[in-house]
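# Architecture and fold: a report
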Amino acid sequence: MTREELMTLLPHRDDMLLLDEATVIDGKAHGQKMIRGDEFFLRGHFPDQPIVPGVILCEILAQSTCVLLGDTAKGKVKTLFTGLDQVRFKRSVLPGDLFKTVCEIEKSKGPFYWAKGSGYVNDELCVSASFSFAVLPEKEE
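Please read all numbers here as calculations on a predicted model, not as lab measurements.

## A word on the overall build of the protein
A tally of regular secondary structure across the protein gives 2 helices and 6 strands. Overall size of the protein, expressed as C-alpha extent along the three principal axes, is 45 × 30 × 25 Å. Across the 141 residues in the protein, those meeting the buried criterion constitute 39%. Taking contacts inside the protein between residues at least 6 apart in sequence as the whole, the part at least 24 apart equals 61%. Surface summary for the protein: the accessible area is close to 8,000 Å², and the carbon and sulfur share equals 49%. Side chains of the protein give 17 positive and 21 negative charges; the mean places of these two sets differ by 5 Å.

## What about the packing of aromatic side chains?
Enumeration according to the criterion identifies 3 aromatic pairs in this entry. Measuring from centroid to centroid gives 5.2 Å for Phe40 and Phe41, while their planes differ by 80°, and the two rings are edge-to-face. Owing to a relative accessible area of 30%, Phe40 belongs among the partly exposed residues under this scheme. You can call Phe41 buried: its relative accessible area is 7%. Relative to Phe131, the ring of Phe81 has its centre 6.1 Å away and its plane inclined at 85°; by these criteria the two rings are edge-to-face. Of this pair, Phe81 sits in strand E3 (residues 77-89) while Phe131 sits in strand E6 (residues 124-137), and the two are 50 residues apart along the sequence.

## Remarks on the pairing of strand E1 (residues 21-25)
Examined bridge by bridge, E1 and strand E2 (residues 28-34) share 5 bridges and lie antiparallel to one another. Across the sheet, residue Ile25 finds its bridge partner in E2, namely Lys28. Here E1 hands over to E2 after 2 residues, with Asp26 in that stretch at a positive phi of 50°.

## Section: the layout of surface pockets
Reported here for the largest pocket is a volume of approximately 210 Å³. Contributions of two or more residues to the lining of the largest pocket are made by E1, E2, strand E4 (98-109) and strand E5 (112-121). Tallying contributions element by element places E4 first for the lining of the largest pocket, with 4 residues. Among the residues forming the lining of the largest pocket, the class breakdown is 6 nonpolar, 6 polar and 3 charged.

## Quick word on the environment of Phe41
The topology assignment puts Phe41 in the loop between E2 and helix H2 (54-65). Distance in space between the C-alpha atoms of Phe41 and Leu6 is 21 Å, their sequence separation being 35 residues. Among all residues touching Phe41, those that are not within four sequence positions of it are Leu18, Val52, Pro53 and Ile56.

Calculation rules
- Each chain carries its own residue numbering, running from 1 in the written order of its sequence.
- With pLDDT at 70 or above as the cut-off, local features in this predicted model cover only qualifying residues; side-chain atom pairs require 80 or more to be listed or tallied, and sums for whole chains, interfaces and linings still use all residues.
- Side-chain descriptors were evaluated using all non-hydrogen atoms of the structure, hydrogens and water having been removed beforehand.
- Runs of H or I in DSSP of at least four residues are treated as helices and runs of E of at least two as strands, each being numbered from the N terminus.
- Exposed residues in this analysis have more than 50% of their type's maximum accessible area, buried residues have under 20%, and partly exposed residues fall in between, with area computed by a 1.4 Å probe over protein chains only.
- Should any heavy atoms of two residues lie within 4.5 Å, those residues are counted as being in contact.
- Note that accessible areas follow from Shrake-Rupley with a 1.4 Å probe, and for residues the cover is restricted to the protein chains shown.
- Neither His nor the chain ends is counted toward charge; the positive residues are Lys and Arg and the negative residues Asp and Glu.
- By convention, the charge on Lys lies at NZ, on Arg at CZ, on Asp at CG and on Glu at CD.
- Stacked, tilted and edge-to-face are the three classes applied to pairs of Phe, Tyr and Trp rings, where Trp contributes its six-membered ring and a pair requires centres within 6.5 Å; stacked means planes under 30 degrees apart, edge-to-face means over 60, and tilted covers the rest.
- What makes two strands pair is DSSP finding at least two bridges between them.
- In this analysis the probe radius is 1.4 Å and the grid spacing 1 Å, with only protein atoms considered; a cavity is a set of points the probe fits into but cannot get out of, a pocket is an open set with protein on both sides within 12 Å along at least five of seven lines, and lining residues have an atom within 4 Å of a point.
- Grid points are joined across faces, edges and corners, and a volume is the space filled by probe spheres set on the points.
- In this count, Pro and Cys sit with the nonpolar residues alongside Ala, Val, Leu, Ile, Met, Phe, Trp and Tyr, while Asp, Glu, Lys and Arg are called charged and the others, Gly among them, polar.

If you want it as structure tokens, here you go:
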């Protein structure tokens with residue numbers, strides 16, 4: 001999926017749509033984000049040595065996972081984190097890095113999903129996490 005196609009699936013826009021592209025291969029979500037260096041989250045983290053914040057890496061994992069939801073996530077829904085567990089940071093992600101993700105849904109019950117994912121730069125593990133989220137209808141205004 002291209003960035004434009006992802007916008008039909010994810011409610012995120014502007015700076016918070018953190019994926020450049022994603023696809024499903026053998027039941028796993030594979031996403032990627034090129035860290036250009038001008039992203040909002042790098043401006044103060046850290047001024048002389050920018051590093052992608054861990055919470056942003058976790059958000060990229062979650063957005064990648066959403067491509068596995070298919071038609072469930074299309075339309076007037078939003079996905080919300082309900083938990084992050086076993087998060088481990090192994091390597092910093094820096095401007096110029098191509099950050100790639102591999103994520104899978106382990107189980108679901110009603111609107112709740114449990115997943116795990118890993119993020120890499122040059123095949124080197126940067127982050128791994130287990131997480132949960134809910135898929136909820138957006139409120140009509």
